[in-house]
Amino acid sequence: MDATPVIELENVVRTYTMGDNEVRALRGVSLRVEKGESLAIMGPSGSGKTTLMNTLGCLDRPTSGHYLLLGQDVSRLSKAELATVRGRRIGFVFQSFNLLARTSALENVELPLLYAGVGGKERHRRAREALEKVGLGKRLDHVPSQLSGGQQQRVAIARALVGEPEIIMADEPTGNLDSQTSVEVMAILQSLVAQGITVILVTHEPDIAAHASRVIVLKDGHIIDDRRQEPLKAEVPS
Amino acid sequence: MNPFTTFKTAFRALFRNKLRSLLTVLGIVIGIAAVITMVAIGQGARQQMAQVFEAMGSNMLVVTSSSQNASGAKSGAGSSMSLTWDDVQAIREECPAVALAAISMSARVQLGAEDQNWNTQLTGTEPDFFAIRNWKVAEGAIFDEEASSSGAPEIVLGKTVVDNLFGEGANPVGQTMRVNGKPFEIVGVLVAKGQSPQGQDYDDAAFIPAHAFERKVQGGLGGRFRGQVYISAVDEDSTTKAADQIAGLLREHHHIDEGEDDDFNVRNLAEQAQSKKQATDTNTTLLAIVAAVSLVVGGIGVMNIMLVSVVERTREIGIRMAVGARPIDVLLQFLVESLALAAIGGGLGLLGGYGMAEYLSKHLDWPVLFPGSIAALAVAVSAGVGIVFGLYPAIKASQLDPITALRYEA
């Protein structure tokens, strides 16, 4: 086992000011995630799970406390430095897919490589490989509007993994999909876990959380439950 | 992100909104075309002024006698015959700001050649006259100082006179012709000078030595002559000084007391030309300002579209940031987009301005000058417009928070 944990949060606090009110979204969260774990974050709305997700995804910085990502303290990095960390270490999968409209699947997947400074040929090759991995090798030139929801989410997954990140953050990845397609998407995410990528799922559906090896539950900015489980295997009926 | 992909991304974004991009570009096209046309017109006017100035004679002043007042009837400028040959000699010798001075007396005369005749303006003058007027011979030579002082029957012809007496393009140097019936030898033909600003044909003229003029055409009276003195100052800045020196000298020679009116007139043509040139420059500047205003309006159009574009593409910006775009990457992307809009507009505007300038010069006969530096100006100005008006929207885009941007609903 790798000695350094992938994620280590030490007493992370995040407060916002909204108008005159101070919202305390995270009130001292500590968390350690090892390599190869799949973590589901659950909790009612307002529990702070989105804030935790943003913090873990380096989209946001903690107000206080520390966040060590693969041993590197990222809690005080600048916006530009955080962007570079995101590009190298983290892939995102969103509920609403967030693909660039009127842009082909291949180009969407190439996007992270573009900002990582990967050259044109290399970029094409890796993007094509990533799309083949999610079973879309024949739809490279399709634009999002020509793809079904499940296919769009698979493009998003290909985009998340093309940069060979250590972590994939999936925010309600099946929220906009029917149950059949949801299972397909979960199967792909599980296969990534098997390859050693740490997958973090934010969901409010217990059925989806059941596919993770560990579930934490947030309430009012605190972790109130943290348990490990045997993940439910996503079986795609053939 | 390397520059090439930045450009590619920018152009693709512009291409996605063809009509909108086109209309935005149009604003810049009109602005740049207007500026280019105005500069071309201004340059043309300047050049024309310079040519007129050149044809008239450089650093030139003209001294005339003032009007004679006989029993209340004023006979007009020059009629008093107050200027003497000695005055001219004194101007030459005693005014340091004067380089050259030449007497010029004119009359309409009938010229006759073998089988043709022609009525023209005959001027009796001295050889320096041609230097003062920047007028060179095309054939032969000007009568020399000796011929001038002895009043030799030699004549120098303007191009129009030659054309009418001897036929187009003939070289009559060496032939003898008649001036008011008296024989003169043609010693030179002047280069064509074209029209004066008033439309008078400079080339419809003939010149003989001043003494020959007095003897054979129109006599003077007791050392006085009926005509004017052409003077050139030593340099461009000395024309006013020369005018003052001449006036002082003539007042002294003519014994004019303080408070009495001059019996002569000094006209500073160089100064008149200068003020005319300044008026032209002022007009050009005003036109250029109007054109620049339209360019600014075009620039505001670019800014407007870029701001709309940033808002519309908030989510795209969020996605790009999530996958690793740094603020500077986003800033550059939008800046390159506005730069591209402005550059395309600048290029088309340059063509438009060139076309307009060509049209004005061909069909409306406007003096238009289109130097290569205008092209460089257009490129620089449009790039500047793109950067200046694109910077604010680009900064706005780069400062978006990725979390908010990702959640933005269009």
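Look a little higher up for the structure.
Residues numbered from 1 in each chain as written. Chains lettered and ligands numbered in written order. Predicted model: local features only at pLDDT ≥ 70, side-chain atom pairs only at ≥ 80, totals over all residues.

## Overview of helix α5 (residues 149-161) of chain A
All names here are of chain A.
- Taking 1.5 Å as the rise per residue, α5 with 13 residues should run 18 Å; its terminal C-alpha atoms sit 19 Å apart, in good agreement.
- In terms of residue burial, α5 counts as a mostly covered element, since 11 of its 13 residues are buried.
- Residues of α5 that are buried include every one of Gln151, Gln152, Gln153, Arg154, Val155, Ala156, Ile157, Ala158, Arg159, Ala160 and Leu161, and no others.
- In the core, the buried residues of α5 are packed alongside β6 (90-93), α3 (105-116), α4 (120-133), β7 (167-171) and α6 (179-194). (Helix = DSSP H or I, 4+ residues; strand = E, 2+ residues; numbered from the N terminus. Expected span 1.5 Å × (residues − 1). Buried ≥ 20, exposed ≤ 12 C-beta atoms within 10 Å, placed from the backbone. Contact = placed C-beta atoms within 7 Å.)

## Quick word on unusual backbone geometry
- Phi is positive for Arg102 of chain A, close to 55 degrees, though the residue is something other than glycine.
- For Asn134 of chain B, which is not glycine, the phi dihedral falls at a positive 55 degrees.
- By the secondary structure assignment, Asn134 of chain B is in the loop between α4 (128-132) and β6 (137-140).
- Judged by the 15 C-beta atoms lying within 10 Å of it, Asn134 of chain B falls in the partly exposed class.

## Thoughts on the interface of chain A and chain B
- Taken together, the contact pairs 20 residues of chain A with 19 residues of chain B.
- Of all the secondary structure elements, the ones that give two or more residues to the side of chain A that touches chain B are α2 (79-89) and α3 of chain A.
- For the side of chain A that touches chain B, a count of residues per class yields 10 nonpolar, five polar and five charged. (Nonpolar A, V, L, I, M, F, W, Y, C, P; charged D, E, K, R; others polar.)

## Looking at the packing of helix α2 (residues 18-56) of chain B against helix α9 (residues 269-312) of chain B
Residues and elements named next belong to chain B.
- Remark: α2 packs on α9, axes separated minimally by 8 Å, with the N-to-C direction vectors making an angle of 175 degrees. Judged by the angle between their axes, α2 and α9 are roughly antiparallel.
- Its residues assigned to classes, the contact of α2 with α9 shows 22 nonpolar, nine polar and four charged. (Axes fitted to C-alpha atoms, helices over the stretch in contact; angles between N-to-C directions. Parallel < 35°, antiparallel > 145°, perpendicular 65-115°, else oblique.)

## So, the sheet that holds strand β1 (residues 7-18) of chain A
Residues and elements named next belong to chain A.
- Here four strands make up an open sheet; going across it, the order is β2-β1-β4-β5 and the pairing antiparallel. In this open sheet, the two strands that pair with only one neighbour each are β2 (21-33) and β5 (72-73).
- Where β1 lies against β2, 10 bridges are found, and the strand directions are antiparallel. Looking across to β2, one finds that Val12 is bridged to Val29. (Pairing = 2+ DSSP bridges.)

## Some words on the nonpolar core
- Within the largest apolar cluster, 177 residues are counted, with the highest numbers of intra-cluster contacts made by Ile41, Ala158, Ile168 and Leu201 of chain A together with Ile32, Ile155 and Ile231 of chain B.
- Considering each element in turn, this core owes the most residues, 16 residues, to α2 of chain B.
- Among all residues touching Ile155 of chain B, those that are not within four sequence positions of it are Met177, Val179, Phe184, Glu185, Ile186, Val187, Ala206, Phe207 and Ile208 of chain B. (Core = buried A, V, L, I, M, F, W, Y, C linked by C-beta atoms within 7 Å.)

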